[in-house]
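As a plain string of letters, each chain reads:
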Amino acid sequence: MLELYHHGSSVCAAKVRMVLAEKDMAWTGHYIDILKGEQFTPEYLKINPKAVVPTLVDDGTIIRESTVICEYLDHIHPATPLRPSNPVEAARMRVWTKFVDEYVHPMCATLTFTCSHRVTMSRLPPEEIESFLAKSPDAGQRKRKREWFELGFQGPEFIRAVQVHEKLLADIDTALANHDWLAGDSLSLADIGVLPYVNRLAMLTMLTPWPTPRPRVLDWFERMKARASFEPAVNKYLPESLANDLRTNGAESWPEVEKILRQA
């Protein structure tokens, strides 16, 4: 039995849920509210010492890291393959997932927290805010979260976060000039791995007003949203209150993002 520990706004959990949906695989979910700090409970830390989601448990075997989980699911359920059989396209796919893991994901965390979660957290009592900021197994991550919360748009990573998302959209546009999908002529883990990050910009109401027009990116995004896997993977588990916060806070934060993009 497949068990997935996940959260509604987690970009990493969304891509795993989309792989499960594309392959029509049955799974049991355990919802971990990361904005309430449930990832720091002793019980969860036993299966994921990094205190992040998602975590997959397959009949007792624990699989961590979303990109690894996606490839694992493709291995154990080869029907509806999501890794290209063509070696060149497979290499392209892995370049995309590597780019997402190493560059896009860390900066998506910066952008999302600074533009939205910081505002949501500010409603909490001071002692709860301090408790949340102090909780993380990694000292570097604790420092980053505190900077995001306390420095906001003046934080040292914020400009870099906007620039990385600009590069993401530019690279998607370039790839789609030659192929229908990011790695080639068929949907792959590259598209599924990238989708949640483009969708995050849309959730923050930032994708459409992005200064550089990229119709190929918007067309690809609409095709991804039209897939039967999108709704159950992305929207089903997102609480409406959180969706509203992302929309409202993102819209209010947009001028700060646009300012950086216009200066580039």
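Everything that follows concerns the structure shown earlier in this document.
Being a predicted model, the structure only gives us computed values, none of them experimental. (Residues numbered from 1 in each chain as written. Predicted model: local features only at pLDDT ≥ 70, side-chain atom pairs only at ≥ 80, totals over all residues. Heavy atoms only, no water.)

(A) Structural view of the pairing of strand β1 (residues 2-6). Among the 5 residues of β1, 5 are classified as buried, and the element is accordingly described as predominantly covered. Of the two faces of β1, both are covered, the one formed by Leu-2, Leu-4 and His-6 as well as the one formed by Glu-3 and Tyr-5. Pairing of β1 with strand β3 (residues 55-58), which is carried by 4 bridges, proceeds in the antiparallel orientation. Bridge pairing in β3 links Tyr-5 to Thr-55. Where β1 lies against strand β2 (residues 28-31), 4 bridges are found, and the strand directions are parallel. Pairing of Leu-4 across the sheet is with Gly-29, part of β2. Where the polypeptide runs from β1 across helix α1 (residues 11-22) and back to β2, its parallel neighbour, the crossover connection is right-handed. (Buried < 20%, exposed > 50% of the residue type's maximum accessible area, 1.4 Å probe, protein only. Helix = DSSP H or I, 4+ residues; strand = E, 2+ residues; numbered from the N terminus. Pairing = 2+ DSSP bridges. Right-handed = clockwise from strand over helix to strand, strands pointing away.)

(B) Examining the packing of helix α4 (residues 87-121) against helix α8 (residues 189-203) more closely. It is at 9 Å that the axes of α4 and α8 come closest, and there the two elements cross at 20°. By the criterion of interaxial angle, the relationship of α4 to α8 is roughly parallel. Here α4 and α8 pass one another in a crossing that is left-handed. On α8, the residues that touch Met-93, Trp-96, Thr-97, Val-100, Val-104, His-105, Cys-108, Leu-111 and Thr-112 of α4 are Leu-189, Ala-190, Gly-193, Val-194, Tyr-197, Arg-200 and Leu-201. (Axes fitted to C-alpha atoms, helices over the stretch in contact; angles between N-to-C directions. Parallel < 35°, antiparallel > 145°, perpendicular 65-115°, else oblique. Left-handed = near helix turned anticlockwise from the far one by under 90°. Contact = heavy atoms within 4.5 Å.)

(C) Looking closely at the pairing of β3. With burial as the criterion, each face of β3 is covered, one bearing Thr-55 and Val-57 and the other bearing Leu-56 and Asp-58. Taken together, the 4 bridges between β3 and strand β4 (residues 61-64) define a ladder with antiparallel strand orientation. Bridge assignment links Thr-55 to a residue of β4, and that residue is Arg-64. Hairpin connection, β3 to β4: the antiparallel pair is bridged by 2 residues, and Asp-59 has positive phi, about 50°.

(D) Spatial organisation of the sheet that holds β3. Within the open sheet, the 4 strands sit side by side as β2-β1-β3-β4. Their pairing is mixed. Two strands lie at the open edges of the sheet, namely β2 and β4, each paired on one side alone. Ignoring strand direction, the axes of neighbouring strands in this sheet form an average angle of 20°.

(E) Quick look at the side chain of His-117. For His-117, the position within the fold is in helix α4. Residue classification places His-117 among the buried residues on the basis of a relative accessible area of 9%. Apart from the residues within four sequence positions on either side, His-117 is in contact with Ser-9, Leu-35, Thr-112, Leu-242 and Leu-246.

(F) View of helix α6 (residues 139-151). Over its 13 residues, α6 runs 18 Å from end to end, which matches the ideal 18 Å to within 8%, given 1.5 Å per residue. If you follow the buried residues of α6, they end up packed against α4 and α5 (126-134). Gly-152, located one to two residues past α6, shows a positive phi value of around 60°. (Expected span 1.5 Å × (residues − 1).)

(G) Broad picture of the packing of aromatic side chains. Applying the stated rule across the entire model yields 7 aromatic pairs. For the ring pair Trp-27 and Tyr-237, a centre distance of 5.9 Å and an interplane angle of 50° mean the geometry is tilted. Highlighted residues: Trp-27 in the loop between α1 and β2 and Tyr-237 in the loop between α10 (230-235) and α11 (240-263), separated in sequence by 210 residues. Residue Trp-27 is classed as partly exposed on the basis of its relative accessible area, which comes to 24%. For Tyr-237, a relative accessible area of 23% translates into the label partly exposed. With centroids separated by 6.0 Å and ring planes inclined at 45°, the aromatic side chains of Trp-210 and Trp-254 adopt a geometry described as tilted. Here Trp-210 is found in the loop between α8 and α9 (215-225), whereas its partner Trp-254 is found in helix α11, with 44 residues between them in sequence. Assigned by exposure class, Trp-210 and Trp-254 land together as buried. Members of the aromatic cluster, joined through ring pairs, are Trp-96, Phe-99 and Tyr-103. Just above the ring of Phe-153 sits the side chain of Arg-118; from NZ or CZ to the centre is 5.1 Å. (Phe/Tyr/Trp six-rings, centres within 6.5 Å; stacked < 30°, edge-to-face > 60°. Lys NZ or Arg CZ within 6 Å of the ring centre and 35° of its normal.)

(H) Spotlight on the packing of α4 against helix α7 (residues 158-176). Viewed as axis vectors pointing N to C, α4 and α7 meet at an angle of 135°, and their least axial separation amounts to 8 Å. Considered as vectors, α4 and α7 are oriented oblique to each other. Crossing hand, α4 versus α7: left-handed. Each of Trp-96, Phe-99, Tyr-103, Val-104, Met-107, Cys-108, Thr-110, Leu-111, Thr-114 and Cys-115 in α4 lies in contact with α7, whose residues at this interface are Phe-158, Arg-160, Ala-161, Val-162, Val-164, His-165, Lys-167, Leu-168, Asp-171, Ile-172 and Ala-175. Of the residues contributing to the contact of α4 with α7, the split by class is 15 nonpolar, 3 polar and 3 charged. (Nonpolar A, V, L, I, M, F, W, Y, C, P; charged D, E, K, R; others polar.)

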